[in-house]
Amino acid sequence: MAEDDLEDFSVNNHKSKKNKKKLNKEDKVKKHKQSSSKRKKNKKTTADELVRFKDGYEEALGISTPSKETVCLSSQIKVTRLAYNKILALDYYLRPYNSDSNQILICLQCRNFCESTIRELEANISHSSDINIVNESGEIQHFIKLCCILNAGETKDNDLIIQVNDVTTCHKLRGTVSYIQQTTNGTCQEKLDFCITVGVTAFLSKSMPLGDSFTDLLSSGNLIHCSSISLKPIIPRDFNQILNLVSTQCHLRIIDQLDSAASLFSQSTSGNRICLLMKSKSSHISVEARSDSESLMASLLDEIMINFAT
């Protein structure tokens, strides 16, 4: 082979290798872009399939869910999820309204998850002889206007007054929130059904009546009803943690504590009183109750069992 031919071959061979390297590099870039595009697509799909309700908490889309509770010990507020879909979420928490009445204040939170505007939110409350929404004059309200406009990502609170006919038993308030979603293609009307549970703890107070003592109350003979339950906590905690949680969430006053035993007291807005004795056992926590109202006692023990036991 001639020298020129060798040189030409060498150059062509170098170009061929260079072109081959360039082609391989382009293939890698192309594959990387395709892989990146695929990952972004999957990520977008995953994001579309999830609704983030709060930091660090995700749930798949659905029409509604069972109530979920988030306890905020610092503010002593228990927020409960009522219902949600990919557009709207409803949460609520209860606050005292009148210390000596059968009324309680509910804060209904409406949150817009979608990118479009929601307007004309209204609550339609089911008729009940036991529990209702009322205005400040005490008149029953079956249709309540909530937020007029809820922009994308916005949350608004709505304060409503709940009135019950008996504060010594648990009640459920059922209703529907209807709303109109404004989109680029027009409007569509949607709704969410909900059920709010109002327990007896909403009407309990830690205040001990003037002139009364815990010992005198126990020996008075007025607390004629008694019952007990055994708790196996959902989340493993020591006795002091369980005691403080029960006291805080159920509005019970800790009267005395000795090691792994404590006595608690509370009074309903109806005037009925209840005393508890909590003891830590080897595998559970026993709760003994005495009250002048059998209904109040049974309802309170049910709430404690539901919230703190397996």
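Residues numbered from 1 in each chain as written. Predicted model: local features only at pLDDT ≥ 70, side-chain atom pairs only at ≥ 80, totals over all residues. Heavy atoms only, no water.

- The name that an unreviewed UniProt entry assigns to the protein is AP-3 complex subunit delta Mu C-terminal domain-containing protein, with the source organism given as Clastoptera arizonana.

### Overview of the overall build of the protein
So, step 1. If you tally the helices and strands in the protein, you get 4 helices and 19 strands.
So, step 2. Split into buried and exposed, the 310 residues of the protein put 37% on the buried side.
So, step 3. Roughly 18600 Å² of accessible area belongs to the protein as shown, and the carbon and sulfur atoms make up 48% of that amount. (Helix = DSSP H or I, 4+ residues; strand = E, 2+ residues; numbered from the N terminus. Buried < 20%, exposed > 50% of the residue type's maximum accessible area, 1.4 Å probe, protein only. Areas by Shrake-Rupley, 256 points an atom, 1.4 Å probe, with all protein chains shown as cover.)

### Brief notes about the nonpolar core
So, step 1. Residues L88, L121 and I162 are the most contacted members of the largest nonpolar core, which totals 34 residues.
So, step 2. Once residues within four sequence positions are removed from consideration, L121 is found in contact with L88, C110, I144, K145, L146, C147, L150, S178 and Y179. (Core = buried A, V, L, I, M, F, W, Y, C linked by side-chain atoms within 4.5 Å. Contact = heavy atoms within 4.5 Å.)

### Structural notes on the pairing of strand β4 (residues 77–84)
So, step 1. Burial of β4 is extensive: 6 of the 8 residues sit out of reach of the surface.
So, step 2. The pairing of β4 with strand β5 (residues 88–96) spans 4 bridges and is antiparallel. In the sheet register, A83 faces β5, and the bridge partner there is L90.
So, step 3. Linking β4 to β5, which pair antiparallel, is a turn of 3 residues. (Pairing = 2+ DSSP bridges.)

### Some points on the side chain of T201
So, step 1. Mapped onto the secondary structure, T201 falls in the loop between β13 (186–198) and β14 (204–205).
So, step 2. Non-local contacts of T201, meaning those with residues more than four positions away in its chain, are made with Q249, C250, H251, L300 and E303.

### Focus: the pairing of β13
So, step 1. Where strand β12 (residues 171–183) and β13 come together, 13 bridges link them in antiparallel fashion. Bridging across to β13, K172 finds its partner in T197.
So, step 2. As consecutive antiparallel partners, β12 and β13 are separated by 2 residues.

### Quick word on unusual backbone geometry
So, step 1. For E120, which is not a glycine, the phi torsion comes out positive at approximately 55°.
So, step 2. Of note, E120 is situated in strand β7 (residues 117–125).
So, step 3. Under the relative-accessibility criterion, E120 is labelled partly exposed at 45%.
So, step 4. Despite not being glycine, D259 shows a phi value in the positive range, around 55°.
So, step 5. Using a relative accessible area of 68% as the deciding quantity, one classes D259 as exposed.

### Focus: the pattern of salt bridges
Where charged atoms from two side chains of opposite charge approach closely, those side chains can pair.
So, step 1. As enumerated under the stated definition, the model contains 4 salt bridges in all.
So, step 2. The shortest N-O distance in the salt bridge between D91 and R81 comes to 2.8 Å. Taken as a pair, D91 in strand β5 and R81 in strand β4 lie far apart in primary sequence, 10 residues in all. The exposure classification of D91 matches that of R81, with both residues buried.
So, step 3. One salt bridge connects K145 with E122, and the closest N-O pair in it is separated by 2.8 Å. Of the two residues, K145 is situated in strand β9 (residues 143–145) and E122 in strand β7; the sequence distance between them amounts to 23 residues.
So, step 4. On the basis of relative accessibility, which here comes to 68%, the residue K145 falls in the exposed class.
So, step 5. Judged by its relative accessible area of 30%, E122 is partly exposed. (Salt bridge = Lys/Arg side-chain N within 4 Å of Asp/Glu carboxyl O.)

### Regarding the environment of L173
So, step 1. Tracing the backbone through its elements, the reader meets L173 in strand β12.
So, step 2. Apart from the residues lying within four places of it in its own chain, the contact partners of L173 are I125, I131, N132, I133, I162, F194, C195 and I196.

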